Amino acid sequence: MRIDGLTELIVHIGYPTHTFKSPLIYNPYFESIGANVVVVPLACRPEPYPVLLRSIFALDNVRGALVTMPHKVRTVELLDVVSPAVQVAGACNAVRRDADGRLVGDLFDGVGFVRGLLRKGVTVQGARALVVGCGGVGSAIAAALAAAGVAQVRVHDVRAGAAQALARRLAQHYPNTQVLCADPDPSGLDIVVNATPLGMHEGDPLPLDVSRLQPGTLVGEVVLRADITPLLRAALARGCRIQVGADMLYEQIPAYLEFFGLPTTTPDTLRRVAGQDAAALPAEAQEAS
């Protein structure tokens with residue numbers, strides 16, 4: 001990869017950075033299309049982060065920032081403009097500077113999940129959905145489903161207060177979607193999402209009663225420990241369609257590229273140009289949950 005005086009930077013900020021694989025996905029793609037852009041990891045601890053973020057965008061050749069743990073929540077208060085998804089989830093994973101010099105933030109976990117559904121031909125408009133887990137990634141997915149036009153989204157979390165707070169924010173920003181706090185009962189629903197960490201470790205309980213899944217329901221996962229988690233294995237046995245956790249990761253990268261004003265692509269192209277270097281999925285992608 002050529003780096004010269006015209007190279008633009010996308011900084012990937014987090015701590016620690018040893019698990020980061022984004023440079024191994026983005027940079028081969030940029031090289032394949034001849035874009036003079038490079039993704040560079042920056043290991044920043046929490047204390048200096050607010051100063052760093054503002055300082056980074058004082059540089060003219062910084063195109064944007066990818067933000068991961070532990071900074072996704074702190075970033076929100078440092079921005080001038082935020083998307084509805086950021087407002088609902090209270091977290092941000094992408095920052096750019098606009099023409100007026102303002103820092104603009106967005107969140108693409110949920111967008112990646114919904115893009116994966118649409119690519120599979122799943123009808124999202126008018127669907128009824130259940131999101132189990134109301135942390136950062138669950139909130140982002142619920143917001144993206146509402147933005148995509150689901151008729152109803154049910155949210156559940158073992159922390160009842162978290163589900164209730166998410167339901168209030170969703171109702172405020174997406175008044176055309178019916179929002180309910182509900183038990184994790186998947187019966188009769190079109191889309192069911194596990195946005196909890198359950199499935200990361202051997203012996204984890206299932207996040208919902210799989211015996212109540214109906215054939216044809218799309219069951220989606222955010223856990224990246226394995227493509228076919230115990231939940232997805234059970235869903236397949238019930239005749240359900242599935243979406244693996246890795247799909248959310250690869251599907252959100254084209255959205256990032258669009259946000260940064262760069263040529264976009266498809267997840268298949270990203271997988272092909274990244275090759276084996278990015279085959280082992282990054283731990284940072286799971287930290288969103």
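In the nomenclature of an unreviewed UniProt entry, the chain is known as Shikimate dehydrogenase of Tepidimonas ignava. The heading Pathway (unreviewed entry) in the UniProt record of the chain holds the text "Metabolic intermediate biosynthesis; chorismate biosynthesis; chorismate from D-erythrose 4-phosphate and phosphoenolpyruvate: step 4/7."

(A) Molecular detail of the layout of surface pockets. Considered as a void within the structure, the largest pocket measures approximately 210 Å³ in volume. In terms of residue class, the lining of the largest pocket is made up of eight nonpolar, five polar and two charged.

(B) Fine view of the nonpolar core. The biggest cluster of nonpolar side chains holds 33 residues, and the ones touching the most others in it are Ile141, Leu145, Val155, Leu170 and Ile191. Of all the secondary-structure elements, those providing two or more residues to this core are α4 (109-119), β7 (128-132), α5 (136-147), β8 (152-156), α6 (160-173) and β10 (191-194). The greatest single-element share of this core, amounting to seven residues, is contributed by α5. Setting aside its immediate chain neighbours within four residues, Ile141 contacts Gly110, Phe113, Val131, Val193, Val222 and Met248. Ile25, Val39, Ala94 and Leu257 belong to the second largest nonpolar core, which has 22 residues in total.

(C) Quick look at empty space enclosed by the protein. Inspection of the entire model under this criterion finds two cavities of 30 Å³ or more. The space that makes up the second largest cavity amounts to roughly 50 Å³. Together, Asn194, Leu198, Gly199, Asp204, Pro205, Leu206, Pro207, Glu221, Pro230 and Leu231 line the second largest cavity.

(D) The pairing of strand β2 (residues 37-43), seen in detail. Sheet analysis places strand β1 (residues 8-14) next to β2, joined by seven bridges and oriented parallel. From the neighbouring strand, Val11 faces β2, where its bridge partner is Val40. Taking the sense of rotation as the criterion, the β-α-β connection linking β1, helix α1 (residues 22-33) and β2 turns out right-handed.

(E) Region of interest: the side chain of Asn27. Mapped onto the elements, Asn27 comes out in helix α1. A polar side-chain atom of Asn27 sits 2.7 Å from the main-chain amide nitrogen of Val39. Setting aside its immediate chain neighbours within four residues, Asn27 contacts Met1, Ser22, Val37, Val38 and Val39.

(F) Here's a closer look at the pattern of salt bridges. Scanning the entire structure with this criterion turns up 12 salt bridges. The closest approach of N and O atoms between Glu77 and Arg74, which form a salt bridge, is 2.9 Å. The partner of Glu251 in a salt bridge is Arg119, and the shortest N-O contact between them spans 2.7 Å. Placement of Glu251 in helix α8 (residues 245-259) and of Arg119 in helix α4 is noted, with a sequence separation of 132 residues between them. Judged by its relative accessible area of 5%, Glu251 falls in the buried class. The exposure class of Arg119 is partly exposed, given its relative accessible area of 49%. A network of salt bridges, in which partner residues are shared, links Lys120, Asp247 and Arg271.

Cut-off values and rules
- Residues numbered from 1 in each chain as written.
- Predicted model: local features only at pLDDT ≥ 70, side-chain atom pairs only at ≥ 80, totals over all residues.
- Heavy atoms only, no water.
- UniProt positions renumbered as here; feature names shortened; annotations may be inferred.
- 1 Å grid on protein atoms, 1.4 Å probe; cavity = no way out; pocket = protein on both sides within 12 Å on 5 of 7 lines; lining within 4 Å.
- Points joined across faces, edges and corners; volume = space filled by probe spheres on them.
- Nonpolar A, V, L, I, M, F, W, Y, C, P; charged D, E, K, R; others polar.
- Core = buried A, V, L, I, M, F, W, Y, C linked by side-chain atoms within 4.5 Å.
- Buried < 20%, exposed > 50% of the residue type's maximum accessible area, 1.4 Å probe, protein only.
- Helix = DSSP H or I, 4+ residues; strand = E, 2+ residues; numbered from the N terminus.
- Contact = heavy atoms within 4.5 Å.
- Pairing = 2+ DSSP bridges.
- Right-handed = clockwise from strand over helix to strand, strands pointing away.
- Polar contact = N/O pair within 3.5 Å; in protein donor to acceptor, adjacent residues only side chain to side chain.
- Salt bridge = Lys/Arg side-chain N within 4 Å of Asp/Glu carboxyl O.

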